[in-house]
Amino acid sequence: MTANTVHDRLALARTTLTPTQVISVLLAVAALGFTLVLLQDPTAHEAMHNFRHAAGVVCH
Amino acid sequence: MIAAYVVNGVKAGLVAGVVFGLLVALVANPLVAFAEERAQVEHEGATADGHDHGSGDLEGHDHAGGDAGGHDHASGGLPAIVSNGVSVLSGVLWGVFLGVAGFGIAFYVLEPIVPGSGSVRSYVFGGAGFLTASVAPWFVFPPAPPGVVRSLDPNTATLLYCGAVAAGAVASVAGMYAHDRLRDARGRLTAGVGAVLPWALFVAGAVAVAGVPTVPVPGGMSATLATGLAGLVVFGQALTWLVLAGAHARFHDSSGASAGPTDTGTVAGSTADDVPAGSP
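In the annotation of an unreviewed UniProt entry, chain B is listed under the name CbtA family protein and assigned to Halorubrum laminariae.

By the naming in an unreviewed UniProt entry, chain A is CbtB domain-containing protein, taken from Halorubrum laminariae.

As structure tokens, this is what we get:
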């Protein structure tokens, strides 16, 4: 088996991925997470109210 | 290939998201609306009959203004069909989010130290994900039924929430690392103890700082309803992670072939866009 330590995995990611790929995936995930968990805008907050109660991420 | 991990994460996330979305649509939407109605009715009736749930109500009113109007959710500006629809969609996206962040990115990096082998790894990782993303913040903010208003302002609450998730992640990764290190040197039992020790410390620390988490009961709502709602939340998140892990176990090629450094584009079954242009 190859690439079998965490270190190998990170090294593999560094050599095979371009910074643009890494940044776009991380940004997409961050945007999704921010919208679902942290967005406090009253209208959005209100619309996702039931979801946040169901998922237990109520932050208000 | 690394992309395969992200794709598997998205696929598993979609499956889990649809399940969680259904739970939101069929159970949470009507139940939250019902609880909201109760909290509202009791809220209005409370002042008249002079019950002693005053403290909760008073705290409610010095709540930061950024959220003003947000407490009227059920009867507020948006029609129920919109907030119900957005909530269901959010439930699906929640699954995708957990799938990509957990099984797409974190699992790619951590797979070598996740205890177990084959599909067991997916379930162990799912359990760690549940502890990290859901249980850890619940030590600070236990699942709250509608009508409960926190005394913290949103920014502090957000920081605390993210801090709790980060601390949970540290505990989970530390447990995996300890297990990986101890398994060969000291045997399975020691490794198992090492795996749970960081989480035990986290729990002890969280209880020492924030106290034993208790489900807040808004003024007037019956404790049974509040506890039931919290139970639904815990059940929903545990179900989401279980489905995520199960779906991931099916999608993931646990032989490790897809993570090899030598297989970029040459492994059988890899997709066309992995193959370098011009290769035979």
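**Focus: the overall build of chain A**
If you tally the helices and strands in chain A, you get four helices and zero strands. Taking 60 residues into account, the globule formula puts the C-alpha radius of gyration at 10 Å, and chain A, at 18 Å, lies well above it. Principal-axis analysis of the C-alpha atoms gives chain A an extent of 45 × 25 × 15 Å. Taken as a whole, chain A presents about 2,900 Å² of accessible surface, with 72% of it coming from carbon and sulfur.

**Notes on the overall build of chain B**
A count of helices and strands for chain B gives seven helices and zero strands. Counting helices and strands in the order they occur from the N terminus, chain B gives α-α-α-α-α-α-α. The burial tally for chain B puts 41% of its 280 residues in the buried class. Sequence separation of 24 or more characterises 80% of the internal contacts of chain B that already satisfy a separation of 6 or more. With the model as given, the accessible surface of chain B reaches about 13,300 Å², and the carbon-plus-sulfur share is 68%.

**Thoughts on the nonpolar core**
Judged by nonpolar contacts, the single largest core of 53 residues is most densely connected at Phe20(B) and Trp94(B). Examining the composition of this core, we find that nine residues originate from one element, helix α3 (residues 80–110) of chain B, more than from any other. Those residues in contact with Trp94(B) that lie beyond four places of it in its chain are Leu36(A), Val37(A), Phe51(A), Ala55(A), Val57(A), Phe20(B) and Gln237(B). Grouped together as the second largest cluster of nonpolar side chains are six residues, Met221(B), Leu225(B), Ala226(B) and Leu229(B) included.

**Focus: helix α4 (residues 119–140) of chain B**
The end-to-end C-alpha distance of α4(B), which contains 22 residues, comes to 32 Å, matching closely the 32 Å that a straight helix rising 1.5 Å per residue would cover. Along α4(B), the helix axis deviates most sharply at Thr132(B), where the bend reaches about 30 degrees.

**Some points on the UniProt feature "transmembrane region" (unreviewed entry) in chain B**
Residues and elements named next belong to chain B. UniProt records the feature "transmembrane region" (unreviewed entry) at residues 12–35, 92–110, 122–141, 156–177, 189–211 and 223–244, using the numbering of this structure. Structurally, residues 92–110 is divided into 100% helix and 0% strand, and its ends, taken at the C-alpha atoms, are 25 Å apart. Between the C-alpha atoms that bound residues 156–177 the distance is 31 Å, and the span itself is 100% helix and 0% strand.

**Things to note about the pattern of salt bridges**
Should the charged atoms of two oppositely charged side chains come close, the side chains can pair. Residues and elements named next belong to chain B. Within this structure, the stated rule accounts for three salt bridges over all chains. Between Asp180 and Arg183 there is a salt bridge whose closest N-O contact spans 3.5 Å. Within this pair, Asp180 and its partner Arg183 are both found in helix α5 (residues 154–186), separated by three residues, close to a single helical turn. Connected through salt bridges with shared partners, the residues Asp180, Arg183 and Asp184 form a single ionic network.

**Description of the packing of aromatic side chains**
Residue and element names in this part refer to chain B. Tallied over the entire structure, the rule returns 13 aromatic pairs over all chains. Ring centres 5.8 Å apart and planes at 45 degrees place the aromatic pair Phe103 and Phe107 in the tilted group. Taken together, the residues Phe103 and Phe107, both in helix α3 and four residues apart, mark about one turn of the helix. Judged by relative accessible area, which is 0%, Phe107 ranks as buried. Positioned over the ring face of Phe251 is Lys11, at 4.7 Å from the centre of the ring.

**Description of empty space enclosed by the protein**
The rolling of a water-molecule-sized probe over the atoms marks out the regions of remaining empty space. Taken as a whole and assessed by the stated rule, the structure comprises one cavity of 30 Å³ or more. Put simply, the largest cavity is a space of about 70 Å³. Lining the largest cavity are His53(A), Ala54(A), Val32(B), Pro143(B), Ala144(B), Pro145(B), Pro146(B), Ala226(B), Leu229(B), Ala230(B), Leu232(B) and Val233(B). Secondary-structure elements contributing two or more residues to the lining of the largest cavity are α4 (49–55) of chain A together with α7 (223–251) of chain B. No other element matches α7(B), which puts five residues into the lining of the largest cavity.

**Remarks on helix α2 (residues 19–38) of chain A**
Helical geometry: 3.6 residues make up each α-helical turn, so side chains three or four residues apart lie on a common side. Residues and elements named next belong to chain A. The first and last C-alpha atoms of α2 sit 26 Å apart over 20 residues, in line with the 28 Å expected at 1.5 Å per residue. Those residues of α2 not exposed but buried are Val29, Gly33, Leu36, Val37 and Leu38. All buried residues of α2 lie within an arc of 145 degrees about the axis, which places them on one face of the element. Exposed side chains of α2 directed beyond 90 degrees from the buried face belong to Thr20, Ile23 and Leu27.

**Some remarks on the side chain of Ser87(B)**
Looking at where Ser87(B) falls in the secondary structure, it is placed in helix α3. Side-chain polar atoms of Ser87(B) contact the backbone oxygen of Ala47(A), separated by 3.2 Å. In this structure, Ser87(B) is in contact with Ala47(A), Met48(A), His49(A), Asn50(A), Phe51(A), Val24(B) and Asn29(B), ignoring residues within four places of it in sequence.

Conventions adopted
- Residues numbered from 1 in each chain as written.
- Chains lettered and ligands numbered in written order.
- Predicted model: local features only at pLDDT ≥ 70, side-chain atom pairs only at ≥ 80, totals over all residues.
- Heavy atoms only, no water.
- Helix = DSSP H or I, 4+ residues; strand = E, 2+ residues; numbered from the N terminus.
- Rg over C-alpha atoms; globule rule 2.2 N^0.38 Å.
- Areas by Shrake-Rupley, 256 points an atom, 1.4 Å probe, with all protein chains shown as cover.
- Buried < 20%, exposed > 50% of the residue type's maximum accessible area, 1.4 Å probe, protein only.
- Contact = heavy atoms within 4.5 Å.
- Core = buried A, V, L, I, M, F, W, Y, C linked by side-chain atoms within 4.5 Å.
- Expected span 1.5 Å × (residues − 1).
- Bend = angle between axes of the 7 residues up to and from the residue.
- UniProt positions renumbered as here; feature names shortened; annotations may be inferred.
- Salt bridge = Lys/Arg side-chain N within 4 Å of Asp/Glu carboxyl O.
- Phe/Tyr/Trp six-rings, centres within 6.5 Å; stacked < 30°, edge-to-face > 60°.
- Lys NZ or Arg CZ within 6 Å of the ring centre and 35° of its normal.
- 1 Å grid on protein atoms, 1.4 Å probe; cavity = no way out; pocket = protein on both sides within 12 Å on 5 of 7 lines; lining within 4 Å.
- Points joined across faces, edges and corners; volume = space filled by probe spheres on them.
- Arc of directions from axis to C-beta.
- Polar contact = N/O pair within 3.5 Å; in protein donor to acceptor, adjacent residues only side chain to side chain.

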